[in-house]
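In case you want the letters, here they are:
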Amino acid sequence: MTTAEPQKTEAAPAAAPAPAPAAAHAAIAKKKEWNLKTPKGTRDFGPLAMATRQKVLRIVADVYEKHAAVQIETPTFELSEILKGKYGEEGQDLIYNLQRGETGEDISLRYDLTVPFSRYLAQNKVKQIKRYQIGRVYRRDHVNIKQGRYREFYQCDFDYAGVADPMVPDSECVCILTDLLTALELSPFVIKVNNRQLLDAYLLQAGVAQENIRTACSSIDKLDKVKWSVIRNELVNEKKVASDAAADIIEKFIALKGKPAEVLAAAESLLTNTELAAKGISDMKLLIRYVEAFGCLDNVAFDLSLARGLDYYTGVIYEAVLTGSSLGSIAGGGRYDNLVGLFSGEKVPSVGFSLGIERVFNILEERAKKNPLPCADVVVLSAGGEHTADCMRICKRLWDAGVKTEMQYHARKLNPALVSAVKAGVQVAVIIGESELAEHKVQVKNLSAKASVTVPEIDVVATVKPLLCGQPSSSNTTQTDSAASANNQTQTDIAAQANNTTQTI
């Protein structure tokens, strides 16, 4: 019996050592040159910009909610057919149409928040609501950073939908705009008002055909950006919607602007007594009366050149501008009684406005550069030794009480850490040392007053909170027996929690 010889196998070549992670990343980086920038018309926001933006958005939401508005949200993109034909000749070309996806639906990024809101009303059969919405919108527009014109930007909308007495919600919109701009400290400002019914009546009176009214309005809407000679040429020669004689008549009418009562009287003298003109005059008289009752008339100017180029406006229109600024309008809107009916077949009268918040951000971000970056109110520090877990425990206690707190992520000597905290604007330091820990205590240091007090750990919240409000601490600085402190911990926690709940309410 023979045994088979074992087969000889060639040794596999030794594998090359895997490159170190850093070397691998370097190799990848050499293969591709990345174009590290945001797409045109968009931007990143660092911590200071985000702090400013969050502050502004909170102010906006507070003003809207003060006027009893409720918040809704709609998708960032809509079915293309929902948006199509709602924004006039030029607006239609600015819509971002997306590639048809797996659902087979033609979809587009929302151009504004008003048309999606109207779709929402029709879809959900909502007949009455006072709502606000804050969200991003998208337009393929010419980018102008200095004027705050981007392709991705926030809008902050307020709208009332539903039946109401004439000019009641319309005048409240003027009041809310006044409250908003005042709360954002954007004075001086002026809110321009006009009425599409008056403008339409005068265009018809000048000889512009009914089917050309919206086209003419889209040209007049540019008057704050270009000279009348350019608008006139567009009306007469390019679009051919007005004769030379008609352009002369239009020029006389849209030149009227100033104090509401005076401009209204002048407009009334120029308009023939048609039903459309009479309705516009009646509405504006009521608007002026109600805005005066709200105490906002000093901020309002009647401007008959105001057109608002979007097709869906049917009555009062608004535009807010900062006096002496080249930014252009920072808010605009008006009445749109027929938009919801396009989707549902049932009329839901609506009025509202949108705050162009990006331009506001630009102004306030410049102001914020003079101030330090917002930081924690309290920092928890170790006076030496390995006390990371103890710092975490104190932080959690303060976080649970709603105190903005941070701790060090790496060991550091106490004095340099305190200097850094002061420079950052931190108000209070909670310091943990060996002697304090032995007695279940912490040191609470008021960094502005340079005064400190040693308190039981369970009293840290009750000691810190008054210091953040600028009040002297009433904590007992007498040394407390650690065993007694431990026995009383549950009762003190309950009392501190109840006290915190009462303050929050």
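To be clear, the structure that these remarks concern was listed above.
In short, a report on the structure. Please read these numbers as outputs of a predicted model, since none were measured by experiment.

**Here we look at the overall build of the protein chain**
And step 1. Across its full length, the protein chain carries 20 helices and 16 strands.
And step 2. Expressed as a percentage of the 505 residues in the protein chain, the buried residues total 44%.
And step 3. When the accessible surface of the protein chain is split by element, carbon and sulfur atoms take 53% of a total near 27400 Å².

**Examining the side chain of Arg 110**
And step 1. If you trace the backbone, Arg 110 turns up in the loop between strand E3 (107-109) and helix H5 (114-124).
And step 2. Arg 110 sits in the buried class, given a relative accessible area of 3%.
And step 3. One polar contact links the side chain of Arg 110 to the main-chain carbonyl oxygen of Pro 75, over a distance of 3.1 Å.
And step 4. Among all residues touching Arg 110, those that are not within four sequence positions of it are Glu 73, Thr 74, Pro 75, Thr 76, Phe 77, Leu 83, Pro 116, Gln 133, Gly 135, Arg 136, Val 137 and Tyr 138.

**Quick look at the pattern of salt bridges**
And step 1. According to the stated counting rule, one finds 28 salt bridges in the structure shown.
And step 2. When the shortest N-O distance is used, the salt bridge between Glu 346 and Lys 127 registers 3.1 Å. In this pair, Glu 346 sits in the loop between helix H13 (339-344) and strand E11 (350-355) while Lys 127 sits in the loop between H5 and strand E4 (129-138), placing the two residues 219 residues apart along the sequence.
And step 3. Judged by relative accessible area, Lys 127 falls into the partly exposed class, the value being 45%.
And step 4. Residue Asp 248 is joined to Arg 232 by a salt bridge in which the shortest nitrogen-to-oxygen separation is 2.8 Å. Residue Asp 248 is found in helix H10 (residues 244-254), and its partner Arg 232 is found in helix H9 (residues 228-238); the two are separated by 16 residues along the sequence.

**Considering helix H16 (residues 414-424)**
And step 1. Taken together, the buried positions of H16 are Ala 417, Leu 418 and Ala 421. Considered in projection along H16, the buried side chains sweep an arc of 100 degrees and stay on one side of the axis. Across from the buried face of H16, at angles greater than 90 degrees, the exposed residues are Asn 415 and Lys 423.
And step 2. As for H16, its buried residues are in contact with strand E12 (378-382), strand E14 (428-432) and strand E15 (441-446).
And step 3. Taken from the residues just after H16, Gly 425 is the one with a positive phi, measuring 90 degrees.

**Focus: the packing of helix H11 (residues 260-270) against helix H12 (residues 275-293)**
And step 1. Two numbers describe how H11 lies on H12: the axes approach to 11 Å, and their chain directions differ by 170 degrees. With respect to H12, the element H11 is oriented roughly antiparallel. Seen from H11, the contacting residues are Pro 260, Ala 261, Leu 264 and Glu 268; seen from H12, they are Ile 281, Met 284, Lys 285 and Ile 288.
And step 2. Residues of the contact of H11 with H12, tallied by class, amount to six nonpolar, no polar and two charged.

**Describing the sheet that holds strand E9 (residues 316-322)**
And step 1. Spatial strand order, E1-E4-E5-E11-E10-E9-E6-E8-E7: nine strands in an open sheet with mixed pairing. Two strands lie at the open edges of the sheet, namely strand E1 (70-71) and strand E7 (257-258), each paired on one side alone.
And step 2. Inspection of the sheet shows E7 paired to strand E8 (residues 300-303) by two bridges, in the antiparallel sense. Within E8, the residue paired with Lys 257 across the bridge is Asp 303.

**Some remarks on the nonpolar core**
And step 1. By size, the foremost hydrophobic cluster in this structure holds 78 residues, and its most contacted members are Val 60, Tyr 64, Leu 186, Leu 203, Ile 250, Leu 355 and Ile 357.
And step 2. The leading source of residues in this core is helix H6 (residues 168-183), at seven residues.
And step 3. Leave out the neighbours within four places in its chain, and Leu 203 touches Val 208, Ile 213, Ala 216, Cys 217, Ile 220 and Ile 250.
And step 4. Listed in part, the 23 residues of the second largest apolar core include Ala 122, Ala 161, Leu 306 and Val 340.

**Overview of the sheet that holds E14**
And step 1. If you walk across this open sheet you meet the five strands as E13-E12-E14-E15-E16, and the pairing is mixed. The open sheet is flanked by strand E13 (405-407) and strand E16 (451-456), the only strands paired with a single partner. Across the sheet, the axes of successive neighbouring strands diverge by a mean angle of 25 degrees, strand direction being ignored.
And step 2. Relative to E15, E14 runs antiparallel, the two being bridged by four bridges. Bridge assignment links Ala 429 to a residue of E15, and that residue is Lys 445.
And step 3. Packed onto the sheet, helix H15 (residues 388-400) meets E12, E13, E14 and E15 and runs at close to 170 degrees relative to E13.

**Re helix H7 (residues 196-206)**
One full turn of an α-helix is made of 3.6 residues, so residues set three or four places apart face in the same direction.
And step 1. When you tally the buried positions in H7, you get nine out of eleven residues, the bulk of the element.
And step 2. All of the buried residues along H7 are Arg 196, Gln 197, Leu 198, Leu 199, Asp 200, Ala 201, Tyr 202, Leu 203 and Ala 206.
And step 3. Looking one or two places after H7, you find Gly 207, whose phi comes out positive at around 110 degrees.

**Thoughts on the pairing of E16**
And step 1. As paired elements, E15 and E16 share six bridges and run antiparallel to each other. By the bridge assignment, Gln 443 is partnered in E16 with Thr 454.
And step 2. Where E15 hands over to E16, the hairpin turn is made up of four residues, of which Lys 450 adopts a positive phi near 55 degrees.

**A look at the side chain of Glu 436**
And step 1. Positionally, Glu 436 belongs in helix H17 (residues 434-438).
And step 2. Lys 441 is the oppositely charged side chain nearest to the buried, salt-bridge-free Glu 436, at an N-O distance of 9.5 Å.
And step 3. Among the polar contacts made by the side chain of Glu 436, one reaches the main-chain amide nitrogen of Gly 433 at a distance of 3.1 Å.
And step 4. Excluding its chain neighbours within four sequence positions, the residues that come into contact with Glu 436 are Lys 441, Val 442, Gln 443 and Thr 454.

About the cut-offs
- Per chain, residues are indexed from 1 in the order of the written sequence.
- Totals for whole chains, interfaces and linings use all residues, but because this is a predicted model, local features are given only for residues with pLDDT of at least 70 and pairs of side-chain atoms are given and counted only at 80 or more.
- Remark: hydrogens and water are excluded; side-chain values derive from all non-hydrogen atoms of the structure.
- Numbering of helices and strands starts at the N terminus; helices are DSSP runs of H or I of at least 4 residues and strands are runs of E of at least 2.
- Whether a residue is buried, partly exposed or exposed follows from its accessible area with a 1.4 Å probe, protein chains only, as a fraction of its type maximum: under 20%, in between, or over 50%, in that order.
- All accessibility values rest on the Shrake-Rupley procedure with a 1.4 Å probe; residue burial counts only the protein chains present in the view.
- Pairs of N or O atoms are called polar contacts if they sit within 3.5 Å, as long as, within protein, a hydrogen donor faces a hydrogen acceptor (for residues adjacent in sequence, only side-chain-to-side-chain pairs).
- Only heavy atoms enter the contact rule, under which two residues are in contact if any of them lie within 4.5 Å.
- The salt bridge criterion pairs a side-chain nitrogen of Lys or Arg with a carboxyl oxygen of Asp or Glu, the two atoms within 4 Å.
- Read the arc as the range of directions from the helix axis to the C-beta atoms.
- Axis definition: a line fit to C-alpha positions, over the contact stretch in the case of helices; interaxial angles, taken between N-to-C directions, run 0 to 180 degrees.
- Our angle categories are set so that under 35 degrees counts as roughly parallel, over 145 as roughly antiparallel, 65 to 115 as roughly perpendicular, and the remainder as oblique.
- Polarity classes work like this: nonpolar for Ala, Val, Leu, Ile, Met, Phe, Trp, Tyr, Cys and Pro, charged for Asp, Glu, Lys and Arg, and polar for all others, with Gly in that last group.
- The pairing criterion for strands is at least two bridges between them, as found by DSSP.
- For this analysis, a nonpolar core means a set of buried residues of the types Ala, Val, Leu, Ile, Met, Phe, Trp, Tyr and Cys, connected via side-chain atoms within 4.5 Å.
- Charge counting treats Lys and Arg as positive and Asp and Glu as negative, with His and both chain ends excluded.

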